[in-house]
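Each chain, written out:
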Amino acid sequence: MHPYFKIDEKLKRLAAEAEEKAQPYFKCIEETTRYNQQKMLAAFSSAGVSESHFAESTGYGYGDRGRDILDKVYAYAFGAEDALVRHNFVSGTHALTVALFGILRPGDKFISLTGTPYDTIHSVIGIKKASGSLEEFGVSYEEVPLAAFGKPDTEAISKIDFSKYKIAYIQRSRGYSLRPSLFCDEIEELANIVKKSSPSCIVMVDNCYGEFVEKTEPTSHGADLMAGSLIKNPGGGIAKTGGYIAGREELVERCAYRLTTPGTGREIGATLGHSREMFMGAFHAPHVVGEALKTAVFASALFEMLGFECTPRFTEPRTDIIEAILLGGAEKLIAFCRGIQRGAPVDSFVTPEPADMPGYDSQVVMAAGAFTLGASIELSADAPIREPYTAFLQGGLNYHSGRTGVLLAAQSLLEKGFLDEERLSV
Ligand SMILES: *Cc1c(COP(=O)(O)O)cnc(C)c1O
């Protein structure tokens, strides 16, 4: 350990043990990373990416070859017919919003199969009042609540007549809740139920935090359309902003008409010099996701040994990069986030404090010392100050620094007297 970081000797020994226990799971992650990295290389090669594609366009951005080729790279890597990848998507929520508005029309109904969606989507749907919501445009929404253990209620879903709905919506990742995330084959099972009832009902997936965790994406498992953020997994920690929509060509096309204008669609949109970073981010994404996953596995192994409940457990298979650590107290959450912040390359001297956040009914404490503001593919932690006092940890551009951040979080808890001495001594 570099002398700059002061870690308790007992904690270091425990960390070495945790890492040893994690080895077989690291091996699995590395195997998937290798495959996905090859897939990405194949995507670049088959799309014929060339240095000239990094050139910037301005104004309307007519005839920007790089923009079109980048779409092809992602479509290939996602196993999708088509993709729309743009820095103009301001967030993952924006990409999901464009997809919903691109497909749904007044009088249409859509239904969520995975309970209430992620917080920021509430105002898009209109379950939280907001100007310009789908509800205002005459689109109605229903949801099937999650069943026991946070799993989709397949029994209830099997009884639905999907011909009444334009979209069946599935959220892959737990987001910041304690339900388990959905694996691609579970998504396929749901898509099969929908299609059996009505082949024309569009299966749409919120794929945030899931990209490149498995060897295939929901679009290879019956999803017609999916969307996500480039400052999470698929931007590889390099894309400065942006999002994507991928899926069936005809649907992606409709979304492009919503992103820009009916008529112009994907033919316009200046890349302003972002292309090189977006290509590089795509190229790095499978590897960076592997590093984030190893960081999460290490964190869960260590914190389980320290006596905290972690989900997923370090032995469990994963379909997203989020690790939930049940710390069991407000002061512990604060100490944890302060430790993670100390392990950041940027703003490591900042002390996180709980604060009110728009969209949350409790205060939230966050650790985020990132090159890209709000990037959660970089090591970060979010913790709403409420029962069951859980820290959501994600990201890590490389395992070595991610591991250091996790150790500093444990050290911070130790310094506040929140670690069980007996567990440290074994
Ligand atoms: C991050 C996330 C989103 C989109 O969030 P943005 O902050 O707008 O990028 C949507 N759904 C889930 C499950 C997410 O994790």
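Residues numbered from 1 in each chain as written. Predicted model: local features only at pLDDT ≥ 70, side-chain atom pairs only at ≥ 80, totals over all residues. Heavy atoms only, no water.

Draft legend 1. Structural detail: the overall build of the protein. Within the protein, the secondary structure is distributed over eleven helices and twelve strands. Taking 2.2 N^0.38 as the reference for a compact globule, 426 residues should give roughly 22 Å; the C-alpha atoms of the protein span a radius of gyration of 22 Å, in line with that estimate. If one aligns the C-alpha atoms of the protein with their principal axes, the spans along those axes are about 65 × 50 × 40 Å. With 426 residues in all, the protein has 57% of them scored as buried. (Helix = DSSP H or I, 4+ residues; strand = E, 2+ residues; numbered from the N terminus. Rg over C-alpha atoms; globule rule 2.2 N^0.38 Å. Buried < 20%, exposed > 50% of the residue type's maximum accessible area, 1.4 Å probe, protein only.)

Draft legend 2. Local environment of the site of the ligand. In the region of the ligand, the neighbouring residues are Ser91, Gly92, Thr93, Leu96, Tyr118, Gln171, Asp206, Cys208, Tyr209, Ser229 and Lys232. Note that an oxygen atom of the ligand is positioned 2.8 Å from one of the backbone N or O atoms of Gly92. Note that an oxygen atom of the ligand is positioned 2.5 Å from one of the side-chain N or O atoms of Thr93. Looking at the shell around the ligand residue by residue, the class counts come to four nonpolar, five polar and two charged. (Near = heavy atom within 4 Å. Polar contact = N/O pair within 3.5 Å; in protein donor to acceptor, adjacent residues only side chain to side chain. Nonpolar A, V, L, I, M, F, W, Y, C, P; charged D, E, K, R; others polar.)

Draft legend 3. Quick look at the environment of Leu14. Position of Leu14 among the secondary structure elements: in helix H1 (residues 9-47). In the structure, Leu14 is positioned 368 residues away from Asp382 in sequence and 25 Å away in space, judged by C-alpha atoms.

Draft legend 4. Inspection of the nonpolar core at higher detail. Leu113, Phe162, Leu302, Phe303, Leu306 and Phe336 are the most contacted members of the largest nonpolar core, which totals 99 residues. The leading source of residues in this core is helix H8 (residues 275-305), at 15 residues. Each of domain 1 (9-37 + 283-425) and domain 2 (53-272) contributes no fewer than three residues to this core. Once residues within four sequence positions are removed from consideration, Phe303 is found in contact with Phe308, Cys310, Ile325, Leu327, Phe336, Val406, Ala409, Ala410 and Leu413. (Core = buried A, V, L, I, M, F, W, Y, C linked by side-chain atoms within 4.5 Å. Domains from an automatic or database assignment. Contact = heavy atoms within 4.5 Å.)

Draft legend 5. Spotlight on the sheet that holds strand E2 (residues 109-112). What the seven strands build is an open sheet, ordered E1-E7-E6-E5-E4-E2-E3; its pairing is mixed. Each of the sheet's edge strands pairs with one partner strand only, and the pair in question is strand E1 (82-86) and strand E3 (140-143). Between one strand axis and the next, the sheet turns by 20° as a mean value, whatever way the strands run. One ladder, built from five bridges, connects strand E4 (residues 167-171) with strand E5 (residues 202-206); its direction is parallel. Considered in E5, the bridge of Ile167 is made with Ile202. Contacting E2, E4, E5, strand E6 (225-229) and strand E7 (243-247), helix H3 (residues 92-103) crosses the sheet at an angle of about 155° to E6. The strands touched by helix H6 (residues 184-197) within the sheet are E4 and E5, with E5 carrying the most contacts at an inclination of about 155°. (Pairing = 2+ DSSP bridges. Axes fitted to C-alpha atoms, helices over the stretch in contact; angles between N-to-C directions.)

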